[in-house]
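Reading the structure
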Amino acid sequence: MTRPARAALALCLALLLPPAAHAIGDPGEMLANPAQEQRAERIGEQLRCLVCQNESIEQSNAGLARDLRRIIRQQVVAGKTDEQIIHWMVARYGDFVLLKPPFDPSTLLLWGAPVLAVGAGAAAILLVRRRSAAAPVPLSEEERKQASELLGR
Amino acid sequence: MTPLQRRALLLAPFGFAAIGGSAMWVLLERLRDGAYDPHAVPDPMVGKPVPHFALPGLQPGSGFDTAEVLKHAPLLLNFFASWCLPCAQEATELMRLKQRGLPIWGVVYKDKPDAAAAFLKQNGNPYRRVAVDEPGRVAIDFGLYGVPETYLVDRQGILRWRWAGGLSPSVVRDWLTPLLKTYT
């Protein structure tokens, strides 16, 4: 296998594998109750780290992400629901903190873009097919004569 | 296909390229003059009251809490740390604002009090009061995600402006000065 091919294969395999899930290096950060810890991780995975911006709070090593992880765990233990915890984050950091943007009027175009693109493509295909399906305009007497002359008939 | 249609089809890609190119140019211009920042974090706390907090002071000064801020508002609340480079860079701008008579209160973010005191000795102290948020927990209630960050608190104790990053002469001129006219 050539080197670029091998690199491409490695990349594909890396993309297939689930991402390295957690940055929590310190097991002391984790909750003793596995169900609660799992819930906390699920919430943290939906939240953007404000410092590194393309990592979730669970993945990031930033100090702020660590603080927010701790707050999520405190709230999980305190019996808050997922919605309450996420709302707490949004109140401080806005919708930007959500890795998956909410569906509302301001994000209509964002969520609607795939539908729009497919619609535009379908419209273009229909238009082209309808046009090519139309019967060609019949030749006039003059054109017919020219054609038979050119064809040598 | 008529010749006109043919010409239109030929020119269409150039048209698209021209539109795309102009859009890109506008984007880059806005990026350069700071009107557009793709890394900007929204300010959901702007328009809301100062969150509830109480912090110890940087010795020998005393700390402050929400009630204390409300009593002395309007004022500028500035989060800083000795380990933060832009904080040292914005120090001259803060000193200039202090000379204009604007009350500035400081909050030390995730830093040792000793280090913060040494920082103020070295860079000048623009603050009337300085509190210490060593765990950085109060800062989170302000929606802070890094230092320096500066908040303008109006007379009613409403947060009117948040600036994430160092204050520069142009930031003060273009953003803060007009707001100060409205809210102080």
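Residues numbered from 1 in each chain as written. Chains lettered and ligands numbered in written order. Predicted model: local features only at pLDDT ≥ 70, side-chain atom pairs only at ≥ 80, totals over all residues.

1. Observations regarding helix α6 (residues 141-150) of chain A
Of all ten residues making up α6 of chain A, only zero are buried, and the element is barely covered by its neighbours. Two residues or fewer past α6 of chain A, G152 of chain A is found with a positive phi of approximately 70 degrees. (Buried ≥ 20, exposed ≤ 12 C-beta atoms within 10 Å, placed from the backbone. Helix = DSSP H or I, 4+ residues; strand = E, 2+ residues; numbered from the N terminus.)

2. Describing the confidence of the model for chain A
Mean pLDDT over chain A works out to 85, with 83% of the residues at or above the 70 mark. Confidence, read as mean pLDDT per element, is least for helix α1 (residues 3-16) of chain A in chain A (57) and greatest for helix α4 (residues 82-93) of chain A (96). (pLDDT = per-residue confidence, 0-100.)

3. Concerning the interface of chain A and chain B
The interface of chain A with chain B comprises eleven residues on the first partner and twelve residues on the second. Elements that contribute at least two residues to the side of chain A that touches chain B include exactly α3 (63-77) and α4 of chain A. Considered class by class, the residues forming the side of chain A that touches chain B number six nonpolar, three polar and two charged. (Contact = placed C-beta atoms within 7 Å. Nonpolar A, V, L, I, M, F, W, Y, C, P; charged D, E, K, R; others polar.)

4. Some words on the domain arrangement of chain A
Once the domains are mapped, chain A shows domain 1 (16-101) and domain 2 (103-134). For domain 1 of chain A and domain 2 of chain A, the distance between their C-alpha centroids amounts to 37 Å. (Domains from an automatic or database assignment.)

5. Things to note about the domain arrangement of chain B
Where interface size is given, it is often the accessible area lost as the parts come together that is meant. For chain B, the assigned domains read domain 1 (1-40) and domain 2 (54-183). On a C-alpha basis, the centres of domain 1 of chain B and domain 2 of chain B stand 43 Å from each other.

6. So, the pairing of strand β4 (residues 104-109) of chain B
Each regular strand carries side chains that alternate between the two faces of the sheet. Residue and element names in this part refer to chain B. Here β4 lies mainly inside the structure; five of its six residues are buried. Examined bridge by bridge, strand β3 (residues 75-80) and β4 share five bridges and lie parallel to one another. The partner of L76 across the bridge, within β4, is I104. For β4 and strand β5 (residues 129-133), the ladder comprises five bridges, and the chain directions are parallel. Considered in β5, the bridge of V107 is made with A131. In this fold, β4 hands off to helix α5 (residues 113-123), which returns the chain to β5; that crossover is right-handed. (Pairing = 2+ DSSP bridges. Right-handed = clockwise from strand over helix to strand, strands pointing away.)

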